[in-house]
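# Notes for the structure review
The primary structure of each chain is shown beneath.
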Amino acid sequence: MASKLTYRLKEEDLIHNIRMVLKLRLGCSTRLLREARDKGDITLNGEHVRLVDKGKAGDLIEVILPEEKPEALPEAIPLDVVYEDGDFLVLNKQPGLPVHPSKGHPFGTILNGVVHYMQQKGEEYLPRMVNRLDLDTSGLLVVGKNAYVQEDFAKQAAKGNTRKTYFAVTEGIPEPLEGIVDRPIGQPDPENVQRAVCEDGAEARTRYQVLETFRLPAAEENDRAEGENGGSTAAAPHVKEYALVELQLETGRTHQIRVHMASIGCPLVGDALYGKAAPDLMGRQALHSARLAFRQPVTGRQLELSAPLPPDLAALLQTLRQGAQK
């Protein structure tokens, strides 16, 4: 069933034509209005209407959103559905799965799984990944079912009206324990996926708060340093420090959390790209999209969704807590 936008005209709308009302009140793009107009999918009180026409107070405008078909092939990939309505599908993404097919991952992606899920329910739409998660990042992933909700979500994010909260485990403890990393991020080499803090990069801000710290005693080193007098002194034992950090994105740059935490000397545990691999602790970067708040573009309802920590991240925290008690 196609999605539909509705709006009832108010007195203050009467100075505008239908096109302007839909742009101002519902945020409809020129492209969407053009497509709906060409298909006759814009009505006033149930009758087809031109975009240049005007209405009266109390008139009901309806816009049928265009239906589109996916190109990705369906695959029976398990999906953890957190929320779904006629416009959105929100998943708790498992780590290790890419979101989109690519040259390196032509199949076995979240998108392939969504197409299969959609078809099993007897639905048809073009899935749009509204927010992005890296291959090895887990947590909340929003899939839009039409162009309108994708565009509206992007507008909400640009205005700071969405709230994205992540949990991460860092190697090292950020100082101070609460603050904002405000450093531009760019891509120095277009042929390399790696991002970096750079002066000519895009504005990027990450708010963080340390929730828990872990100081694990490391084994005493056996090597002895030779002194100037020819003697030797035992090297002092050292301590490895980690932190559980809550982060909120105020912008949405590629790899933003990973780049920002590494830039302050606290890379994510297991992040081989911006820190170092840690196979004894975590087989991926310790990053999870835990909470997401935004306004449902069609109904106006405020949504606040959450996803529990995945087993590998929960196990990492247990390991660190046990190690810190020794």
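Residues numbered from 1 in each chain as written. Predicted model: local features only at pLDDT ≥ 70, side-chain atom pairs only at ≥ 80, totals over all residues. Heavy atoms only, no water.

Attention shifts here to the overall build of the chain. When helices and strands are counted, the chain shows six helices and 18 strands. Taken over C-alpha atoms, the radius of gyration comes to 25 Å for the chain, far larger than the 20 Å a tight globule of 326 residues would show. In terms of overall dimensions, the chain has C-alpha extents of about 95 × 40 × 40 Å along its principal axes. Evaluated residue by residue, the chain yields a buried proportion of 44% over its 326 residues. A sequence separation of at least 24 residues applies to 66% of the contacts in the chain between residues at least 6 apart. Carbon and sulfur atoms make up 48% of the accessible area of the chain, which totals about 17,100 Å². With 40 positive and 46 negative side-chain charges, the chain shows a spacing of 6 Å between the two charge centroids. (Helix = DSSP H or I, 4+ residues; strand = E, 2+ residues; numbered from the N terminus. Rg over C-alpha atoms; globule rule 2.2 N^0.38 Å. Buried < 20%, exposed > 50% of the residue type's maximum accessible area, 1.4 Å probe, protein only. Contact = heavy atoms within 4.5 Å. Areas by Shrake-Rupley, 256 points an atom, 1.4 Å probe, with all protein chains shown as cover. Lys, Arg positive; Asp, Glu negative; His and termini not counted. Charge placed at Lys NZ, Arg CZ, Asp CG, Glu CD.)

Turning our attention to the packing of aromatic side chains. Across all of its chains, the model carries two aromatic pairs by this definition. Put simply, the rings of Phe88, Phe153 and Phe294 pair up and form one aromatic cluster. (Phe/Tyr/Trp six-rings, centres within 6.5 Å; stacked < 30°, edge-to-face > 60°.)

Inspection of the entire model under this criterion finds 19 salt bridges. Of the charged contacts in the structure, one is a salt bridge between lysine 56 and aspartate 59, with a shortest N-O distance of 3.9 Å. Residue classification places lysine 56 among the exposed positions, given a relative accessible area of 55%. In this structure, glutamate 246 engages arginine 291 in a salt bridge whose closest nitrogen and oxygen atoms are separated by 3.2 Å. On the criterion of sequence distance, the pair formed by glutamate 246 in strand E16 (residues 239–249) and arginine 291 in strand E17 (residues 287–295) is long-range, its members being 45 residues apart. Classification of glutamate 246 as buried rests on a relative accessible area of 18%. Via salt bridges that share partners, Glu84, Lys121, Glu123 and Lys145 belong to a single interconnected network. (Salt bridge = Lys/Arg side-chain N within 4 Å of Asp/Glu carboxyl O.)

Counting buried positions along strand E8 (residues 138–144) yields seven of seven residues, so the element is predominantly enclosed. Here six bridges tie strand E6 (residues 88–93) to E8, and the two strands are oriented antiparallel to one another. Among the inter-strand pairings, valine 90 is bridged to a residue of E8, identified as valine 142. As paired strands, strand E7 (residues 128–129) and E8 are joined by two bridges and run antiparallel to one another. Within E8, the position partnered with methionine 129 by the bridge is valine 143. Bridge count between E8 and E17: two bridges; the pairing is parallel. In the sheet register, glycine 139 faces E17, and the bridge partner there is serine 289. (Pairing = 2+ DSSP bridges.)

With that settled, consider the environment of leucine 60. Along the chain, the position of leucine 60 falls in strand E4 (residues 60–64). Relative accessible area serves as the criterion here: at 22%, leucine 60 is assigned to the partly exposed category. Residue contacts for leucine 60: discarding those within four places in its chain leaves Thr6, Tyr7, Arg8, Thr43, Leu44 and Asn45.

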